[in-house]
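What follows is the residue order along each chain.
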Amino acid sequence: MTIKAILTDIEGTTSSISFVKEVLFPYARNALPEFVRSHGNEPQVRQWLDAVATEIAAGACQDAVIAETLQGWIDQDRKHTALKALQGMIWDAGYRNGDYTAHLYPEVAAVLRGWHASGLPLYVYSSGSVPAQKLFFGFSDAGDLNGLFSGNFDTEVGGKREAPSYAHIAKAIGIAPQDILFLSDVVEELDAAREAGLRTVLVDRLSDYPLPRTGEATHGHARVENFEQITL
């Protein structure tokens with residue numbers, strides 16, 4: 001069976017969990033109230049604020065309450081599409097202002113470039129919004145890597161622990177599920193991808209998971225500690 005495309009997660013897979021939790025999340029949390037005050041009337045922002053308002057109070061709440069709710073969701077690491085979209089807009093300013101660059105594990109850029117050079121299509125599937133993904137790889141420690149990817153997917157296609165999401169992605173890119181390799185650090189995501197027919201690899205980095213997951217803990221997925229150990 002030949003791998004015809006690679007689909008990769010970001011947090012904990014290409015990049016450290018700590019970067020997201022210790023840099024990106026606090027940056028967005030601190031910026032949210034002023035961002036909502038300054039940009040709340042812009043259509044691309046308003047749609048997401050209204051979506052949150054509808055969810056928490058049938059649409060009848062002030063923007064300050066919405067911002068506070070979003071900050072709480074950040075603290076909970078909630079995978080909500082509206083939150084991810086708004087975070088992406090805030091992170092845009094941080095990247096472009098040079099406040100930070102996106103962390104990549106040392107071998108990732110070289111391996112991705114090698115796969116791309118070999119003609120293998122690469123795709124991203126992350127709970128972060130597509131714009132946030134493009135910012136991440138556009139302002140990475142290794143420079144702009146967006147040109148390596150043929151497409152990006154976020155939770156608008158469905159949850160990452162739901163098999164239909166992966167079936168949707170396979171259909172969207174026009175490659176049979178069994179010919180796609182999905183890389184993630186989350187076993188439950190890999191379970192869902194395998195249920196949809198994809199091949200899977202558990203990326204189990206010791207810096208993120210000090211106690212390696214082996215045996216039954218891998219749910220039978222192939223396991224590597226870095227991208228250089230992945231064989232296609």
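A brief look at the structure comes next.

The rules behind the values
Residues numbered from 1 in each chain as written. Predicted model: local features only at pLDDT ≥ 70, side-chain atom pairs only at ≥ 80, totals over all residues. Heavy atoms only, no water. Helix = DSSP H or I, 4+ residues; strand = E, 2+ residues; numbered from the N terminus. Rg over C-alpha atoms; globule rule 2.2 N^0.38 Å. Buried < 20%, exposed > 50% of the residue type's maximum accessible area, 1.4 Å probe, protein only. Contact = heavy atoms within 4.5 Å. Lys, Arg positive; Asp, Glu negative; His and termini not counted. Charge placed at Lys NZ, Arg CZ, Asp CG, Glu CD. Pairing = 2+ DSSP bridges. Right-handed = clockwise from strand over helix to strand, strands pointing away. 1 Å grid on protein atoms, 1.4 Å probe; cavity = no way out; pocket = protein on both sides within 12 Å on 5 of 7 lines; lining within 4 Å. Points joined across faces, edges and corners; volume = space filled by probe spheres on them. Nonpolar A, V, L, I, M, F, W, Y, C, P; charged D, E, K, R; others polar. Axes fitted to C-alpha atoms, helices over the stretch in contact; angles between N-to-C directions. Parallel < 35°, antiparallel > 145°, perpendicular 65-115°, else oblique. Left-handed = near helix turned anticlockwise from the far one by under 90°. Polar contact = N/O pair within 3.5 Å; in protein donor to acceptor, adjacent residues only side chain to side chain.

## Looking at the overall build of the chain
Then step 1. The helix and strand tally for the chain stands at eight helices and six strands.
Then step 2. Counted from the first residue to the last, the chain has its helices and strands arranged as β-α-α-α-α-α-β-α-β-α-β-α-β-β.
Then step 3. Here the C-alpha radius of gyration of the chain, 18 Å, is about what a compact globule of 232 residues would show, namely 17 Å.
Then step 4. When its C-alpha atoms are laid out on the principal axes, the chain stretches across 55 × 35 × 35 Å.
Then step 5. A burial count over the chain gives 53% of its 232 residues as buried.
Then step 6. Partitioning the contacts of the chain with sequence separation of at least 6, the portion at a separation of at least 24 is 67%.
Then step 7. In the chain, 19 side chains carry a positive charge and 30 a negative one; their mean positions are 3 Å apart.

## Thoughts on the pairing of strand E4 (residues 180-184)
Then step 1. Taking burial as the measure, the five residues of E4 include five buried ones, the bulk of the element.
Then step 2. Burial along E4 is two-sided: the residues Ile-180, Phe-182 and Ser-184 and Leu-181 and Leu-183 are all buried.
Then step 3. The pairing of strand E1 (residues 5-8) with E4 spans four bridges and is parallel. Residue pairing across strands places Leu-7 opposite Phe-182, the latter belonging to E4.
Then step 4. Sheet topology places E4 next to strand E5 (residues 199-203); four bridges connect them, and they run parallel. Residue pairing across strands places Phe-182 opposite Thr-200, the latter belonging to E5.
Then step 5. Between E4 and its parallel partner E5, the chain crosses via helix H8 (residues 187-195), and the hand of that crossover is right-handed.

## Observations regarding the layout of surface pockets
Then step 1. Here the largest pocket is characterised by a volume of approximately 480 Å³.
Then step 2. Asp-9, Glu-11, Lys-79, Ser-126 and Ser-127 are, among the 28 residues lining the largest pocket, the residues nearest its centre.
Then step 3. Elements represented by at least two residues in the lining of the largest pocket include exactly helix H1 (17-39), helix H4 (81-96) and helix H6 (130-138).
Then step 4. In terms of residue count, the dominant contributor to the lining of the largest pocket is H1 (five residues).
Then step 5. A class-by-class count of the residues in the lining of the largest pocket yields eleven nonpolar, seven polar and ten charged.
Then step 6. There is about 180 Å³ of room inside the second largest pocket.
Then step 7. The wall of the second largest pocket is formed by 14 residues, among which Ala-85, Gly-88, Met-89, Ser-129 and Pro-131 lie closest to the centre.
Then step 8. Counting only elements with at least two residues in the lining of the second largest pocket, the list comes to H4 and H6.
Then step 9. Sorting elements by how many residues they give to the lining of the second largest pocket places H4 first, with six residues.

## Concerning the environment of Ala-192
Then step 1. Structurally, Ala-192 is set in helix H8.
Then step 2. Owing to a relative accessible area of 4%, Ala-192 belongs among the buried residues under this scheme.
Then step 3. Separated by 29 residues in the primary sequence, Ala-192 and Ala-163 have C-alpha atoms spaced 4.4 Å apart.
Then step 4. Not counting residues up to four positions away in its chain, the partners in contact with Ala-192 are Lys-160, Arg-161, Glu-162, Ala-163 and Tyr-166.

## A word on the packing of H4 against H6
Then step 1. Packing of H4 against H6 brings their axes to within 9 Å, and their N-to-C directions diverge by 15 degrees. Comparing the axis directions of H4 and H6 gives the class roughly parallel. For the pair H4 and H6, the sense of crossing is left-handed. Of the residues in H6, those touching H4 at Gly-88, Trp-91, Asp-92, Tyr-95 and Arg-96 are Ala-132, Leu-135 and Phe-136.
Then step 2. For the contact of H4 with H6, the residue count by class is five nonpolar, one polar and two charged.

## With respect to the side chain of Thr-14
Then step 1. With respect to the secondary-structure elements, Thr-14 resides in the loop between E1 and H1.
Then step 2. Residue classification places Thr-14 among the buried positions, given a relative accessible area of 0%.
Then step 3. Among the polar contacts listed, one links the side chain of Thr-14 to the side chain of Ser-15, at a separation of 2.9 Å.

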